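Topology and contacts: notes
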Amino acid sequence: MKRIAILTAGGDTPALNATIAGAVTRANALQIRVFGIIKGFSGLLNPQFPHLELNPLFHSIPELNPCLGGTILGASRTYVDGHDKAALDAVAMRLKALKIDGLICIGGDGTINGMQPLADYLPVVLAPKTIDNDLGLNYPEEANEWIREADEASGKPRYRRVKKNREIELDEIINYATPGYATAVYVAATGIERIRTTAESHRRIAIIEVMGRDSGYIALGSAYGQPDIILLPEYAIDLESITTRVKELYDLQKHVVMVVGEGVVTQDGTLLGDEMKQTDPSGKPILSGASEVIRNALIERLEDSFFTTRRRNESAESAIFTRKLGHTQRGGRPIQFDRFQAMQLGGKAVDLLHSGASNYVATLQWNQAKGFYVDSIAANRLRDQYGGIHPRQMHTSFYNPQHFQPSAIGEKYLMPIFTNAIGGEDMEAVRVNLFHPGNLRQAYQSVNVDVQKRIRYLES
Ligand code: F6P
């Protein structure tokens, strides 16, 4: 293996450059040239095939900094259509023109689907990334628990779990944690801490929405910020018991902090964060998140009288506020855990290609005796019997729905990841960089400007 290509697909995470850097470091040692493809699968589909060499003379280019968030290669949510033979042939031809012997895709479950059809043309492996932590299995046979049914209403197939969530040991988890997750939780937990003191001062109820789609891992990890109530997608919400808990907490401490995973559902399975049937002044629909729906429900249930009878001179509307932490969870410098593990996984992906593996996924495993270590799994082991890949949901035993907090095993799950997740240099980086006087005088220098100068194209 002499030349490999690498791309970053799907939504970005803070640890992508670290994964690329890990791959390039390993490739340097093995004397393999690495070519980055620009903007994920859309770069492969582009006839001009924008790419750059990441390790000329087996030295990493200086723009590749594992501490830098985002990806110097750019990312997109475009995927290769496995049924489009002409497009696949064209991609294979472009890779061949660049004499690429193997491809590393850094991505999540969607990326595995995009990568799969390319496995017929050249060796491909996946290095995992996702802040949602939803790539992997809670236990090895979990992928076999899905059945496909016809949904008459939509005419599209619908997937349902037949068995769900048998008891697990933590060392059974396939891909324990994914680079990007720890940094997202770090941002969420610090955001919660900060919102806490202002809610406390103003006697307010704060509803903080965190990312994660259908998986509650970020919401679970946000427990480090000590929210009073955590709601996550794996447990249908019960507004009655939430309201009761909010009242109890408010009476005790005169404020409440609640975390809501963006994918929370109602008892009948409806996604709470779906479009609200409201329009803005121009008539466009207002897209509102789950936190807004919960806020409205609390306003209705508590009413102004709940606050005025407690001598809080405020309406329910002004006492209850929402904040989406949004893309702050996905951006910026990765913390030490993510940097270190991402680099290991990038290196593992190169080793997999070098050893002749194809259609494999590098994984991060954990057990009590060894701690974290990298391993791999055939991508097909993540697929259900129909060939589909489902985002991993948090194992339901990790949460205690009565207390709205992580359960004992949930805490055990979190601790190996987070106890030493932040390095001294992470704090030092804030101290040195944030209030550097130069920041006031100098505009932001985007790495894209320097990378652009290195990009080459295939002749059309
Ligand atoms: O999958 C990662 C993720 O950040 C989710 O947590 C979130 O729902 C989604 O991407 C947001 O995507 P976009 O940046 O395309 O709005």
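What you see is a predicted model, and the numbers here were worked out from it, not measured in a lab. (Residues numbered from 1 in each chain as written. Predicted model: local features only at pLDDT ≥ 70, side-chain atom pairs only at ≥ 80, totals over all residues.)

1. Comments concerning the nonpolar core
Formed by 120 residues in total, the largest nonpolar core has its most connected members in I4, A23, I104, A182, I208, L220 and A349. Element by element, the count of residues in this core is highest for helix α5 (residues 181–202), at 11 residues. If sequence neighbours within four positions are ignored, L220 has contacts with I230, L232, M394, F398, Y399, P406, G410 and L414. (Core = buried A, V, L, I, M, F, W, Y, C linked by C-beta atoms within 7 Å. Buried ≥ 20, exposed ≤ 12 C-beta atoms within 10 Å, placed from the backbone. Helix = DSSP H or I, 4+ residues; strand = E, 2+ residues; numbered from the N terminus. Contact = placed C-beta atoms within 7 Å.)

2. Brief notes about the pairing of strand β13 (residues 371–378)
Where strand β12 (residues 360–367) and β13 come together, 8 bridges link them in antiparallel fashion. Within β13, the position partnered with V361 by the bridge is I377. The antiparallel pairing of β12 with β13 creates a hairpin that spans 3 residues between the two strands. (Pairing = 2+ DSSP bridges.)

3. Focus on the packing of helix α1 (residues 16–30) against helix α10 (residues 336–354)
One can describe the packing of α1 onto α10 by two numbers: an axis separation of 6 Å at closest approach and a directional angle of 45°. Accordingly, the angle class assigned to the pair α1 and α10 is oblique. Crossing angle aside, the handedness with which α1 passes α10 is right-handed. For the pair α1 and α10, contact is made by A18, T19, I20, A21, G22, A23, T25, R26, A27 and L30 and by D338, R339, A342, M343, Q344, L345, G346, G347, A349, V350, D351 and H354, respectively. When grouped by side-chain class, the residues that make up the contact of α1 with α10 number 11 nonpolar, 7 polar and 4 charged. (Axes fitted to C-alpha atoms, helices over the stretch in contact; angles between N-to-C directions. Parallel < 35°, antiparallel > 145°, perpendicular 65-115°, else oblique. Left-handed = near helix turned anticlockwise from the far one by under 90°. Nonpolar A, V, L, I, M, F, W, Y, C, P; charged D, E, K, R; others polar.)

4. So, unusual backbone geometry
Most peptide bonds are trans, and most residues other than glycine sit at a negative phi. Phi at F49 is positive, roughly 50°, even though this residue is not glycine. Here F49 lies in the loop between α2 (40–45) and β3 (51–53). By C-beta crowding, F49 is classed as buried, having 24 other C-beta atoms within 10 Å. The backbone of F58 shows a phi angle near 60°, a positive value even though the residue is not glycine.

5. Examining the domain arrangement of the protein
Here the domain parsing of the protein yields domain 1 (3–137 + 334–391 + 423–452), domain 2 (142–172) and domain 3 (182–330). Each of domain 1 and domain 3 has a C-alpha centre, and the two are 34 Å apart. Taken residue by residue, the interface counts 14 residues in domain 1 and 13 residues in domain 3. (Domains from an automatic or database assignment.)

6. Notes on the sheet that holds strand β8 (residues 205–210)
Pairing is parallel in the open sheet, where 4 strands are placed in the order β9-β10-β8-β11. The sheet is open, and its two borders are formed by β9 (229–231) and β11 (320–324), each paired with just one other strand. Recorded for the sheet is a direction-independent mean angle of 20° between the axes of neighbouring strands. With 5 bridges joining them, β8 and β11 adopt parallel strand pairing. Across the sheet, residue E209 finds its bridge partner in β11, namely K324.

7. As for the sheet that holds strand β1 (residues 3–8)
As summarised here, the arrangement of the 7 strands in space is β3-β2-β1-β4-β5-β12-β13, forming an open sheet in which the pairing is mixed. The open sheet has two edge strands, β3 and β13, and neither has a second partner. Averaged over all pairs of adjacent strands, the angle between strand axes in this sheet comes to 30°, irrespective of strand direction.

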